[in-house]
Structure formats: structure tokens, C-alpha cells
Amino acid sequence: MTTIDGFDYRTIPGSGGVPLNVAHGGHGPAVILLHGFPQTHVMWSEVARRLADDHTVIVPDLRGYGRSGKPEEDGPETYSKRTMGDDVVAVATALGHDRFGLVGHDRGALVGVRAALDHPEAVQYLGILDVLPTLDTWGVLHGVDAKVAWHLYLMAQPKGLPERMIAAVAEDFVASFLDAWDSDGNTFTPELRRHYIESSVAAVPSIVADFRASSGVDLELDRADREAGRRLEMPLGVLSQDWGAQLGFDPTAIWGAWSDDLTYQPTTAGHYMAEERPDEVADVIRTLAARARVR
């Protein structure tokens, strides 16, 4: 399965004209779902179908992933979360929505945070699955416990070496995350696992560029917002594994520094919770939309 059954597809220009592969379906208030690594938009298939009865559901491949364009990294802005957030707004506008809910998993959640900070007039509510803001991610990684995020340090290195190292063992590299973060080993069908591996192997340079941005330009943007006192103005809902217990941080304190309207909900699901527990994730999104009084 490499498409979402029952959804229509369009190619929509994002920021700078980068073509974005976008699935859309349903009816009602708009919600945009953003995938993480090493996945594509199809990670949202079960959640999207559950929401489509009462939402217009928009599910793009992020730039650099899946069937979306993969521009050459010609500077830090190419894969900055600001640029990728602008992609999201461009997609919504092209589909006729000037306001929308926004929910992201992993890398997509980082795009969501930046889009919500940069475009508060457009984002009605923000849902986050299993990640911390860029600034706080680097802040909680220390000592031997930081080995869980070893890939962040690898892909933070200057352009060239990480791409070559990963390309040499690309299938094993991608598969290692699908296996290590799958709580029971049964989340993915063989076909879907193969889709994620093949899609990511075909996108090594752009995926590395996305991660590299989070150790540079994205970090600078978060620092500037923190220093300026900018916060997320819309209702914020966070669904996450209990990483704080392992790494020694309080997730409600971290997210509370960015929002006065926060609901934090721990889950016993694994990292790939949208596929493992689609009912739980869809319920969280509906509750968040209700908090925002979306009509």
C-alpha cells in the first residue's frame, strides 16, 4: 500500500515551486497530517480514513521524502523547517483552506511547530506525536543516554560525509529504525516496510539535509523565538512515549514553556503510534479540534 485508499491525489507547488505529492479526502474542517522519518504520507492511512467522516484530511509527503520533490541542498534554507512550514501553508491555500488544524509525527511535528510559530493566523490547533521542539531536543541529550539519538549527530555533520556513509548501507540504516522503534514488531506489513525502505533509500541526500537543518538553521530559529518570548498561540496537544523517564526531563515543563494551552498525554504505544494505535491517535486529534472549537 503506497497510497491512501479512497483519497484523491494532486501535485501542488510548495515554497519555491517544489512539487509536493498530496493526498486529500473527506469533508469538514481541514486538518493536515505530516509524517516522520523514515516514513511517507501513507503512515497516516488508518488515521486519515477515521477522520475523513468529519474532516477534510490533507496528507502530503514532506519535501525530500516519498514522491515529493527533492531539491538539492544549496543552503540551509532548502530544508529548514521554516521553508517546509511554508510548504504546508502553500498546500492548504491551493486546496482552498486559509485555516486548518496541523498534526505532525516526528520530523513532521518539527515542521508543524515551525509552521505554527510562523503562521499562527492559519494554524487553528497543533498536535505533536513523539518529539520535542528542536531547541529542547538538543538540550535533553547528554551522556550515554543520548546514544538513542546517535543518528541526529551523524546527520548533523557537514554535507558530504554523512550522505556517503549512509548510502553505503542505506537499506540497513533505514531498516534499523523501523525495527528498533516498532514496539511489537508487527506494526508494518512486509509491503509497507519495503515501501518505507525503498522511499528512504531513494532520498538519502534530502533526508540528511532535513536532519542537518535541525542542528543549524532550525535551532537558530527556535532560539530566536525563545529569546523574543514567542509562543504557540493555539491549543497544543502532545501524545508521546515517556522519553522523559529515560532521558531525565519533564515533558509538560518543556512544552509548557512554548504554550499556555497544553494537553500532554503519555501513551504505551511505540514510536509508530499512528499505525499501531490509529483509534487512539484519531481520538486525540478530534479532542484537540474540539478544544479549538473548530467548525
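Draft legend 1. Region of interest: the packing of aromatic side chains. For the structure on display, the rule yields eleven aromatic pairs. When the centroid spacing of 5.0 Å and the interplanar angle of 75° are considered together, the rings of F173 and F177 count as edge-to-face. Pair noted here: F173 and F177 are both in helix α7 (residues 170–180), with a separation of four residues, about one helical turn. Of the two residues, F173 and F177, neither departs from the other in class, the shared state being buried. Between F177 and W181, the ring centres sit 5.0 Å apart and the planes meet at 55°, which makes this aromatic pair tilted. Of the two residues, F177 and W181, both sit in the buried class. An aromatic cluster is built from F37, W150, F173, F177, W181, F188, Y196, F211 and Y272, whose rings are joined through pairwise contacts. Its end group placed over the ring of F211, R107 keeps NZ or CZ at 3.9 Å from the ring centre.

Draft legend 2. Just the confidence of the model for the protein chain, in detail. Residues with a pLDDT of 70 or more make up 99% of the protein chain, whose mean pLDDT is 96. The spread of mean pLDDT over the elements of the protein chain runs between helix α11 (residues 243–247), the lowest at 74, and strand β3 (residues 30–34), the highest at 99.

Draft legend 3. Examining the sheet that holds strand β5 (residues 100–105) more closely. As summarised here, the arrangement of the eight strands in space is β1-β2-β4-β3-β5-β6-β7-β8, forming an open sheet in which the pairing is mixed. The sheet is open, and its two borders are formed by β1 (8–13) and β8 (262–266), each paired with just one other strand. Averaged over all neighbouring strand pairs, the angle between strand axes comes to 20°, with direction disregarded. Pairing of β3 with β5, which is carried by four bridges, proceeds in the parallel orientation. Bridging from a neighbouring strand, V31 pairs with G101 of β5. Strands in contact with helix α3 (residues 107–118) are β3, β5 and β6 (123–129); relative to β6, the strand with the most contacts, it is inclined by about 150°. Across the sheet, helix α14 (residues 278–291) is in contact with β3, β5, β6, β7 (236–240) and β8; its angle to β7 comes to roughly 165°.

Calculation criteria
Residues numbered from 1 in each chain as written. Predicted model: local features only at pLDDT ≥ 70, side-chain atom pairs only at ≥ 80, totals over all residues. Heavy atoms only, no water. Phe/Tyr/Trp six-rings, centres within 6.5 Å; stacked < 30°, edge-to-face > 60°. Helix = DSSP H or I, 4+ residues; strand = E, 2+ residues; numbered from the N terminus. Buried < 20%, exposed > 50% of the residue type's maximum accessible area, 1.4 Å probe, protein only. Lys NZ or Arg CZ within 6 Å of the ring centre and 35° of its normal. pLDDT = per-residue confidence, 0-100. Pairing = 2+ DSSP bridges. Axes fitted to C-alpha atoms, helices over the stretch in contact; angles between N-to-C directions. Contact = heavy atoms within 4.5 Å.

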